[in-house]
Amino acid sequence: MSVQSSSQRRVARLAWAVSPRLWSPARLADAVALGIWAGLFWYLLPAERSALYLSSRTSWVVPLGAVLLTLGAIGRLAGARSPAPEPLSRRHALGIGVIIVPVIAVLALPPSALGSYAAARRSSFVGSGYIASPDDVASGELSLADIAGALQSQKGAQALARRAGSRVSLVGFVTKESGMPADEFVLTRFLVSCCVADALSVQVRVVGAPPGNLKTDQWVRVEGALYPLENEALVDAAEVVHVDRPVRPYLNP
Amino acid sequence: MAHTAPASVRTGSLGNALPVAAGLLALGAALRLFEPTRITGVQNFLLVFSSLLIEAVPFILLGAVVSALIEVFVPPRVFERLARLPGPLQLPAAGFAGLAFPVCECGSVPVARRLAAKGLAPSAAVTFMLAAPVLNPIVIASTAVAYRGRGAMWTMVLGRAGLGLLAAMAVGWVVGGRSAGDLLRSRGVEADDHDHDGESRGAAFFGHLAGDFFFMGRYLVLGATVAAALQTFVPQSIMGSVAGTPFVDLIALMGLAFLLSLCSESDAFVAASFVQFGIGPQLAFLVFGPMVDTKLAFLYSGTFTKGFFRTVVLVVGAVTLAGTLWVEVVAG
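Residues numbered from 1 in each chain as written. Chains lettered and ligands numbered in written order. Predicted model: local features only at pLDDT ≥ 70, side-chain atom pairs only at ≥ 80, totals over all residues. Heavy atoms only, no water.

K.L.:
I'd like to hear about the side chain of B:S67, residue by residue, with values.
P.N.:
Of note, B:S67 is situated in helix α3 (residues 40-73). A polar atom in the side chain of B:S67 sits 2.9 Å from the side chain of B:R114. (Helix = DSSP H or I, 4+ residues; strand = E, 2+ residues; numbered from the N terminus. Polar contact = N/O pair within 3.5 Å; in protein donor to acceptor, adjacent residues only side chain to side chain.)

Listed below in structure tokens is the structure:
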């Protein structure tokens, strides 16, 4: 195009402008596929949906994606009528189909969150990045991330040791290790910093739980007294109640 | 140039969408009916797969927007001028340009492809592509946050940025004088990358945008499938056995970075969790991962000619190994 003179280009543009326009199947297919992806991002806009896939720190990509994809679809549709419409080749159709597969997977399946299967296979969380100082641990309510984070540094562990016997209320799901007695389980929650692919597990051991009815993957709230050991934390349960999966099933830094 | 199809072909070609649409509907119905999420491994796979894509698609699209803007609105003389920069300056300049481009690895591939196609030296385009995901400000900040409160914070932040820049420039240097035609894979007609004389700039912009998005998206879906399968079925604890074995532990964490395919904006949090490994292997994970991983293997193989991926693996691998060994000696 750059070798053409400007007058040649003007003629071409004029010819283009006056020739009859037809819908181009290839461009229509592009616009439909962009629209479908845009639809997925609009669907994910409420926090209770995006929280199953993304951290609260990265959830801004959802509105960004929704707007960009919508603009892309509208733009492609607006230019879809052309004097030289491109046919939709089989390869092009197949390529677009591949891209829509994830949308179908998200929409067709019931919403779910990582559970015990992942807990057995993923690394566990090391919290130094999130715990600014042992002061956070020294007073106030202790969260699952506080406890796991504090155990990673000597100062944190000491600060936590001073809280021995404090009452805690923690929410997570049940995982079991082989050989655990009936009144013990591991309370697990995942910490997600960007998307679910980087999930790290956060765990405390619960003892003295009322036996029975504690199936793996059941979400529970455990209330009881916290006893930090050398490199793990133990909760002597006073009460274990079933709860629904939280709206945000993952902890976010 | 425009190519006009006979009317019968045009209307008939929409029929090619039918089997694809039918297949997608059947997939949706099958997922609804059989609820494979009851099998926990499958549920885990689908969650990781969807979340990788939900996070990466907006970035791919941003990359496509920048790439289409470059194609349609930046006049060619800008690239001619850039190409006249003195040779020794081009690679560092391209590397540092990554500092100003806060998009992770998925977004930088289409931009680099476009830059090379528009006449920027391919070595400079490749250096930019590899440096941007390591050097961009968001990545530097998240690395600092992940290692905050540990003695190694500055070693990690500076080591990552320094070795990343070095590795990116090394690949650029090895690519050297190869021409764009030599380095870029041709995309075939279906990519809609041809210009129509006289078409409005807006229509051309959206044409290139869609072309890039679908082109990259395909490879991203394939890469995310493999990465999610590896994440689901390979337990991360198998790495523990080599922790503390010098050199082997570096290779092990580089291999893990390849398998996991994390976004460079979050991988520091995962790297920081490998406490049983020293700072050397953790740094190797952070330098190697953003340039070489499963999803990038697919993106590169679709964008560049054969052999390019091998070059990147060898050169980035060698620089990462040598650099992290040196850091271990100096800082350890």
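K.L.:
I'd like a description of the domain arrangement of chain A, backed by residues and values.
P.N.:
All names here are of chain A. On domain assignment, one finds that chain A holds domain 1 (17-108) and domain 2 (116-242). Computed from C-alpha atoms alone, the centre-to-centre distance between domain 1 and domain 2 is 42 Å. Contacts between the two partners involve six residues from domain 1, matched on the other side by five residues from domain 2. Buried surface at the junction of domain 1 and domain 2, summed over both partners, amounts to about 370 Å²; 53% is from carbon and sulfur atoms. For the domain 1 face of the interface with domain 2, the top three residues by lost area are Y53, S55 and T58, together amounting to 65%. (Domains from an automatic or database assignment. Contact = heavy atoms within 4.5 Å. Buried area = accessible area lost by both parts, 1.4 Å probe.)

K.L.:
How would you explain a nonpolar patch on the surface if you had to name every residue and give the values?
P.N.:
On the surface, A:W42, A:L45, A:V67 and A:L71 cluster together into a nonpolar patch covering about 360 Å² of accessible area. Positionally, A:L71 belongs in helix α4 (residues 61-78). (Patch = residues over 30% accessible without salt bridge, like charges linked within 9 Å, V, L, I, M, F, W, Y side chains within 5 Å. Areas by Shrake-Rupley, 256 points an atom, 1.4 Å probe, with all protein chains shown as cover. Salt bridge = Lys/Arg side-chain N within 4 Å of Asp/Glu carboxyl O.)

K.L.:
Summarise the pattern of salt bridges; cite the residues concerned and give the values.
P.N.:
Here the structure, examined in full by the defined rule, presents ten salt bridges over all chains. Linking A:R76 and A:D30 is a salt bridge whose minimum nitrogen-to-oxygen distance equals 3.0 Å. Placement of A:R76 in helix α4 and of A:D30 in helix α2 (residues 25-43) is noted, with a sequence separation of 46 residues between them. The same class applies to A:R76 and to A:D30, which are both buried. Within this structure, B:E71, B:R113, B:R114, B:K118 and B:D212 form a network of salt bridges that share partners. (Buried < 20%, exposed > 50% of the residue type's maximum accessible area, 1.4 Å probe, protein only.)

K.L.:
Quick rundown of the environment of B:C106? Include the residues and the values.
P.N.:
Residue and element names in this part refer to chain B. Residue position: C106 is located in helix α6 (residues 105-117). Assessed through its relative accessible area of 2%, C106 is described here as buried. Here the alpha-carbon distance between C106 and V48, two residues 58 residues apart in the chain, equals 17 Å. Residue contacts for C106: discarding those within four places in its chain leaves A56, I60, L220, K295 and L299.

K.L.:
Provide a residue-level description of the pairing of strand β4 (residues 185-191) of chain A, including the pertinent values.
P.N.:
Side chains on a regular strand alternate between the two faces of the sheet. Residues and elements named next belong to chain A. For β4, the tally of buried residues reaches seven of seven residues, placing the bulk of the element in the interior. Residues F185, L187, R189 and L191 point to one face of β4 and V186, T188 and F190 to the other, with burial holding for every one of them. Pairing analysis gives three bridges linking strand β3 (residues 167-175) to β4, with the strands arranged antiparallel. By the bridge assignment for β4, F173 is matched with T188. Pairing between β4 and strand β5 (residues 200-207): seven bridges, direction antiparallel. The residue of β5 that forms the bridge with F185 is V206. (Pairing = 2+ DSSP bridges.)

K.L.:
Outline the interface of chain A and chain B, listing residues and values.
P.N.:
The interface is formed by 78 residues belonging to chain A together with 74 residues belonging to chain B. Where chain A abuts chain B, roughly 6,800 Å² becomes buried across the two surfaces, and 70% of that area is made up of carbon and sulfur atoms. Contact with chain B buries area across many residues of chain A, yet A:I99, A:L109 and A:Y117 alone supply 9% of it, more than any other trio. At the junction of chain A and chain B, the tally comes to zero salt bridges. One can count six residue pairs in polar contact (both at pLDDT 80 or more) joining chain A with chain B.

K.L.:
Explain the confidence of the model for chain A to me, using residue names and the numbers behind them.
P.N.:
For chain A, per-residue confidence averages 84 on the pLDDT scale, and 93% of positions sit at 70 or higher. Long-range and interchain partners of residues 127-132 of chain A, a stretch whose pLDDT sits below 50, account for 18 contacts in this model, where long-range means more than four residues apart. (pLDDT = per-residue confidence, 0-100.)

K.L.:
I'd like a rundown of the packing of aromatic side chains, residues and numbers included.
P.N.:
According to the stated counting rule, one finds 13 aromatic pairs over all chains in the structure shown. Between A:W37 and A:F41 the ring centres are 5.9 Å apart and the planes differ by 35°, which places this aromatic pair in the tilted class. On the criterion of helical spacing, the pair formed by A:W37 and A:F41 is a turn pair, its members being four residues apart in helix α2. Residue classification places A:F41 among the buried residues on the basis of a relative accessible area of 0%. Taking the centre distance of 6.2 Å and the plane angle of 65° together, the rings of B:Y300 and B:F304 count as edge-to-face. Ring-pair connections join several aromatic residues into one group, and the members of that group are B:Y300, B:F304, B:F308 and B:F309. The residue whose ring lies beneath A:R81 is A:W23, and the NZ or CZ to ring-centre distance is 5.4 Å. (Phe/Tyr/Trp six-rings, centres within 6.5 Å; stacked < 30°, edge-to-face > 60°. Lys NZ or Arg CZ within 6 Å of the ring centre and 35° of its normal.)

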